[in-house]
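Summary of the model geometry
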Amino acid sequence: MFGISPLGWVHTLGSLPAIPLAIYMFARHGRIVPRSVPGALYFVSMLIGATTVFLVAHEPISYGIGAVTILLLLAGYGIGHIPQLGRAGIYAETVLLTLTAFLLMVPSVSETLRRVPDGHPLVTDPKSPLLLGALAGLLVMLVVGLTAQIVHLRGQGRRATGPSPGRLTTK
């Protein structure tokens, strides 16, 4: 079915939970929250997907995406344990983990369009306007999403610390 091997199904079904988990955390918290139950499940699911890609990939770019995803995932989950970074650590954590979600979605969208419907996929050419448009849409979502996350984090930081020194308040 869909030309996927049994190991390919392990890869696909292992990484699939990361998508709704990321959507849930983005909607609820505005970012992926690593020190939470959904965050832990996201980590496991992403690790399954990123490590098994080396066993199922047919294109060299897939190995690169898998390796970069693993590095970003480990850095994103590890950076929060460096207290010296302070608020900068939260920004870095947010950017790193958002990039992992983007790197999950690029091959997910590409593979879905190239395999569905079974036997008559929507896209047969890697340069298809539909595929390129979908990937461009993901890139726009990444840029807009990261910008919104940074603005939101800055707003949280200002509320937590109060007004800047020297700034007049109306209260």
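Bear in mind that the values here come from a model prediction, so they are computed numbers and not experimental data.

Okay, a nonpolar patch on the surface next. Taken together, Leu7, Val10 and Leu55 make up a surface patch of nonpolar side chains, about 270 Å² in accessible area. Within the secondary structure, Leu55 is located in helix α3 (residues 37–56).

This brings us to helix α4 (residues 60–78). Here α4 contains 19 residues, and its C-alpha end-to-end distance of 27 Å stays within 8% of the 27 Å for a straight helix at 1.5 Å per residue. Those residues of α4 that are buried are in contact with α3 and α5 (87–115).

Of the voids in this model, the largest pocket is the one considered here, and its volume is about 1100 Å³. If you go around the largest pocket, you meet 38 residues; those closest to its centre are His11, Val53, Pro107, Ser108 and Glu111. Contributing elements (two or more residues each) for the lining of the largest pocket: α1 (6–15), α3, α4, α5 and α6 (129–161). The leading source of residues in the lining of the largest pocket is α5, at 11 residues. Counted by class, the lining of the largest pocket contains 19 nonpolar, 15 polar and four charged residues. Put simply, the second largest pocket is a space of about 350 Å³. Phe26, Ala101, Phe102, Met105 and Met141 are, among the 15 residues lining the second largest pocket, the residues nearest its centre. Where the lining of the second largest pocket is concerned, the elements lending two or more residues are α2 (18–29), α5 and α6. Considering only residue class, the lining of the second largest pocket consists of 11 nonpolar, four polar and no charged.

With that out of the way, let us pick up the environment of Phe2. Counting through the fold element by element, Phe2 comes out in the segment before α1. Sequence separation between Phe2 and Ile19 is 17 residues; the distance between their C-alpha atoms is 20 Å. Beyond its immediate sequence surroundings of up to four residues, Phe2 is in contact with Trp9, Arg115, Val116 and Asp118.

This brings us to α1. Along α1, the residues classified as buried are Gly8, His11, Gly14 and Ser15. Each buried residue of α1 sits inside an arc of 140 degrees when the element is viewed along its axis, so together they form one side. Pointing more than 90 degrees away from the buried face of α1 are the exposed residues Pro6 and Leu13.

Turning our eyes to something else, we now look at the packing of α1 against α3. Where α1 meets α3, the closest approach of the two axes is 7 Å, and the angle between their N-to-C directions is 155 degrees. Taken together, the axis directions place α1 and α3 in an arrangement best described as roughly antiparallel. In this structure, α1 crosses over α3, and the sense of that crossing is left-handed. Along the contact surface, α1 presents Leu7, Gly8, Val10, His11, Gly14 and Ser15, while α3 presents Ser45, Ile48, Gly49, Thr52, Val53, Leu55 and Val56. Taken together, the residues of the contact of α1 with α3 sort by class into six nonpolar, seven polar and no charged.

Okay, the side chain of Ser45 next. Here Ser45 is to be found in helix α3. Judged by relative accessible area, which is 3%, Ser45 ranks as buried. For Ser45, the contacting residues outside a window of four places in its chain are Gly14, Ser15, Leu16, Pro17 and Ala18.

To continue, consider the pattern of salt bridges. What the rule picks out here adds up to four salt bridges. With a shortest N-O distance of 2.8 Å, Arg31 and Glu93 are connected by a salt bridge. Here Arg31 is found in the loop between α2 and α3, whereas its partner Glu93 is found in helix α5, with 62 residues between them in sequence. For the pair Arg31 and Glu93, a shared accessibility class is recorded, and that class is buried. The partner of Arg35 in a salt bridge is Glu93, with the nearest N and O atoms 2.7 Å apart. Placement of Arg35 in the loop between α2 and α3 and of Glu93 in helix α5 is noted, with a sequence separation of 58 residues between them. The exposure class of Glu93 is buried, given its relative accessible area of 1%.

Criteria and thresholds
Residues numbered from 1 in each chain as written. Predicted model: local features only at pLDDT ≥ 70, side-chain atom pairs only at ≥ 80, totals over all residues. Heavy atoms only, no water. Patch = residues over 30% accessible without salt bridge, like charges linked within 9 Å, V, L, I, M, F, W, Y side chains within 5 Å. Areas by Shrake-Rupley, 256 points an atom, 1.4 Å probe, with all protein chains shown as cover. Salt bridge = Lys/Arg side-chain N within 4 Å of Asp/Glu carboxyl O. Helix = DSSP H or I, 4+ residues; strand = E, 2+ residues; numbered from the N terminus. Expected span 1.5 Å × (residues − 1). Contact = heavy atoms within 4.5 Å. 1 Å grid on protein atoms, 1.4 Å probe; cavity = no way out; pocket = protein on both sides within 12 Å on 5 of 7 lines; lining within 4 Å. Points joined across faces, edges and corners; volume = space filled by probe spheres on them. Nonpolar A, V, L, I, M, F, W, Y, C, P; charged D, E, K, R; others polar. Buried < 20%, exposed > 50% of the residue type's maximum accessible area, 1.4 Å probe, protein only. Arc of directions from axis to C-beta. Axes fitted to C-alpha atoms, helices over the stretch in contact; angles between N-to-C directions. Parallel < 35°, antiparallel > 145°, perpendicular 65-115°, else oblique. Left-handed = near helix turned anticlockwise from the far one by under 90°.

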